[in-house]
Amino acid sequence: MADVYPLTPTQAGMVMHGLDDAEHGLYVEQITFVADGARDPRTLAAAWRHVVDRTPVLRTSVALRGVPVPLQVVHRDVTLPVTEHDWSGIPADRHDAELERLLAEERARGVALDRAPLLRLALVRLGPDAVRVVWTFHHVVLDGWSVFHVLSDVTAAHAALVRGERPRLPERRPFADYAAWLAARDDRQAEEHWRGALAGLASPTPLPYDRRPAPDTTPRSGTWLSRRLGTERTHLLLEFARRHRLTLNTLVQGAWALLLSRWSGEREVCFGTTVSGRPADLPGADTITGLFITTLPARTEVDGGARCDAWLRAFQEDRAEDRRHDHLPLGALHALTGLPPGAALFDSLVVFENYPVGDATAGAHGLALRDLDAREATNYPSPWSSRRATG
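What you are looking at is a predicted structure, and each value in this text was computed from that prediction instead of being measured.

A. Local environment of the overall build of the protein chain. On a plain count of helices and strands, the protein chain comes out with 11 helices and 12 strands. Looking at the protein chain residue by residue over its 391 residues, the buried ones come to 46%. Here the contacts in the protein chain between residues at least 6 apart in sequence split such that 77% fall between residues at least 24 apart. Carbon and sulfur atoms provide 51% of the accessible area of the protein chain, an area that totals close to 20,200 Å².

Below you can see the structure in the form of structure tokens.
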């Protein structure tokens, strides 16, 4: 072992949900893409192994038995599981079906939390210089921002290995530094903020459903419904946001608040939001590879008589204040409400994702990544997600 320290609250929540419904692979993530310029899958595998060797969180397992609290254990040495396939002789029109089959097989294998590493690869040769990558990992070790840290490091390591050189990758602080920062927080100001923000909350805003869930059924996400906005509509949203000093995230969350209010018939609504969780007062936090995201309740009053821009600005200011106190776990927030034990803080979750995709996929190191697709399974029945790639 190289290090041992407790799970962060977000990690612990994911682990507990995963153990409650291991059959469906909750929080087992899958990312797939094509790497153009990869002439030898073995070199690509070696690049991944180099990144795993130098990134502590990618050598981590979770200890749950025989310990007073769940712990994450960083191993000195791990072996990254890699399987290789060859589809170069399969007609291209069959590749989509083969990919779905491979993704299903990898998901069915699951990820054992007590065995490091909590990730594996399947590399599929498509042609002389193209490899399809299927990357399966547990969300407990990586958030979306960190995924692109890993991809950027892998492409840089691959380029060095192709040149016959030892990879020289950017220095990144270990995730343990964030865990230590989190443990040292003084919670009093955060508790005071959330006590006021959640005062009087007696029930979550219900998300309508077309049939009553079966008793004792664990909710989970199952189907993705995708809708891409055209250039004109995207431009209109961007212009509106700039004109009124708003973020696109605020527009998405505000629209969901309005929709929830109309669906539920309630003027005050509360739903979940996911924030980056990377603290501004931890130097180098943006470069640390690991799981930082955290989920917060967003409580707001929807005033049908208010001007849209003024209401959205007030909504945005409230969410900014929430993020200043985002390190408290949901269990601690629940205790500050009037909700009965076991009741959920919210029934729906909105995630606005904004990642540096271009930095990792543009081909700066000889590999160009395309057809990037991410799949996840959470304990929320319908994930509403807005993805925006930057770069």
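Let us keep going from here.
B. Region of the structure containing the sheet that holds strand β4 (residues 71-74). Strand order in the open sheet formed by 3 strands is β1-β4-β3, and the pairing between neighbours is antiparallel. The open sheet has two free edges, formed respectively by β1 (3-6) and β3 (60-63), since each of these has just one partner strand. Within the sheet, the average angular offset between the axes of one strand and its neighbour, ignoring direction, is 25 degrees. In the sheet, β1 pairs with β4 via 4 bridges, with the strands oriented antiparallel. Looking at β4, one finds that Asp 3 is bridged to Val 74.

C. Representation of the pattern of salt bridges. What the rule picks out here adds up to 25 salt bridges. A salt bridge links Glu 100 to Arg 375; the shortest N-O distance between them is 2.7 Å. Placement of Glu 100 in helix α3 (residues 95-109) and of Arg 375 in strand β11 (residues 368-375) is noted, with a sequence separation of 275 residues between them. Judged by its relative accessible area of 25%, Arg 375 falls in the partly exposed class. Note that Asp 371 and Arg 370 form a salt bridge whose closest N and O atoms lie 2.9 Å from each other. Residue Asp 371 is classed as partly exposed on the basis of its relative accessible area of 45%. Assessed through its relative accessible area of 37%, Arg 370 is described here as partly exposed. Overlapping salt bridges, with partners in common, bring together Arg 94, Glu 98, Arg 101 and Glu 105 in one network.

D. Broad picture of the packing of helix α2 (residues 41-54) against helix α4 (residues 144-162). α4 packs onto α2 with a crossing angle of 125 degrees between their chain directions and a minimal axis gap of 8 Å. Comparing the axis directions of α2 and α4 gives the class oblique. Classified by chirality, the crossing of α4 by α2 is right-handed. Taking contact as the criterion, the partners of Thr 43, Leu 44, Ala 46, Ala 47, Trp 48, His 50, Val 51 and Arg 54 in α2 are, on α4, Val 150, Leu 151, Asp 153, Val 154, Ala 157, His 158, Leu 161 and Val 162. The class makeup of the residues in the contact of α2 with α4 is 11 nonpolar, 3 polar and 2 charged.

E. View of the side chain of Gln 72. Along the chain, Gln 72 turns up in strand β4. Looking at Gln 72, its side chain comes within polar contact range of the main-chain oxygen of Pro 6, at 3.0 Å. A distance of 2.8 Å separates polar atoms of two side chains, one belonging to Gln 72 and the other to Gln 11. In this structure, Gln 72 is in contact with Asp 3, Val 4, Tyr 5, Pro 6, Leu 7, Thr 8, Gln 11, Thr 60, Ser 61 and Phe 175, ignoring residues within four places of it in sequence.

F. How the structure looks around the sheet that holds strand β7 (residues 130-138). Ordered by their spatial adjacency, 5 strands build an open sheet running β5-β6-β7-β2-β11, and the pairing between neighbours is mixed. Where the open sheet ends on each side, the last strands, each with one partner, are β5 (82-86) and β11. Mean inter-strand twist for the sheet, computed between neighbouring axes without regard to direction, equals 15 degrees. By the bridge criterion, 8 bridges tie strand β6 (residues 119-127) to β7 in an arrangement that is antiparallel. Directly across from Val 124, in β7, lies its bridge partner Arg 132. Across the sheet, α4 is in contact with β2 (28-36), β7 and β11; its angle to β7 comes to roughly 140 degrees.

G. Here's a closer look at α4. Helix length check: α4 (19 residues) gives 27 Å between terminal C-alpha atoms against 27 Å at 1.5 Å per residue, within 8%. With 15 of 19 residues buried, α4 lies mostly within the body of the structure. Just downstream of α4, Gly 164 is the residue with a positive phi angle, here 80 degrees.

H. Representation of unusual backbone geometry in the model. Residue Pro 117 follows Ala 116 across a cis peptide bond; omega there is 0 degrees. Take Pro 117: it is sitting in the loop between α3 and β6. Positive phi is not limited to glycine here, since Tyr 27 has a value of about 65 degrees. In this fold, Tyr 27 is placed in the loop between α1 (9-20) and β2. A relative accessible area of 8% places Tyr 27 in the buried class.

I. View of the confidence of the model for the protein chain. Model confidence for the protein chain is summarised by a mean pLDDT of 88, while 90% of its residues fall at 70 or above. Taken as a whole, residues 382-391 scores under 50 in pLDDT and shows 30 contacts with residues more than four places along the chain or in a different chain.

J. Up close: the side chain of Gln 253. Structurally, Gln 253 can be placed in helix α8 (residues 248-264). When residues no more than four places from it in sequence are discounted, the contact partners of Gln 253 are Phe 271, Thr 273, Phe 315, Arg 319 and Val 350.

K. The arrangement of the packing of aromatic side chains in detail. In this structure the tally under the stated criterion is 8 aromatic pairs. Between Trp 48 and Trp 135, the ring centres sit 4.7 Å apart and the planes meet at 70 degrees, which makes this aromatic pair edge-to-face. You can see Trp 48 sitting in helix α2 and its partner Trp 135 sitting in strand β7, a full 87 residues away along the chain. Between Trp 311 and Phe 315, the ring centres sit 5.8 Å apart and the planes meet at 35 degrees, which makes this aromatic pair tilted. Of this pair, Trp 311 and Phe 315 both sit in helix α9 (residues 308-323), 4 residues apart, which is roughly one turn of the helix. Judged by its relative accessible area of 15%, Trp 311 falls in the buried class. For Phe 315, a relative accessible area of 2% puts it in the buried group.

Cut-offs applied
Residues numbered from 1 in each chain as written. Predicted model: local features only at pLDDT ≥ 70, side-chain atom pairs only at ≥ 80, totals over all residues. Heavy atoms only, no water. Helix = DSSP H or I, 4+ residues; strand = E, 2+ residues; numbered from the N terminus. Buried < 20%, exposed > 50% of the residue type's maximum accessible area, 1.4 Å probe, protein only. Contact = heavy atoms within 4.5 Å. Areas by Shrake-Rupley, 256 points an atom, 1.4 Å probe, with all protein chains shown as cover. Pairing = 2+ DSSP bridges. Axes fitted to C-alpha atoms, helices over the stretch in contact; angles between N-to-C directions. Salt bridge = Lys/Arg side-chain N within 4 Å of Asp/Glu carboxyl O. Parallel < 35°, antiparallel > 145°, perpendicular 65-115°, else oblique. Left-handed = near helix turned anticlockwise from the far one by under 90°. Nonpolar A, V, L, I, M, F, W, Y, C, P; charged D, E, K, R; others polar. Polar contact = N/O pair within 3.5 Å; in protein donor to acceptor, adjacent residues only side chain to side chain. Expected span 1.5 Å × (residues − 1). pLDDT = per-residue confidence, 0-100. Phe/Tyr/Trp six-rings, centres within 6.5 Å; stacked < 30°, edge-to-face > 60°.

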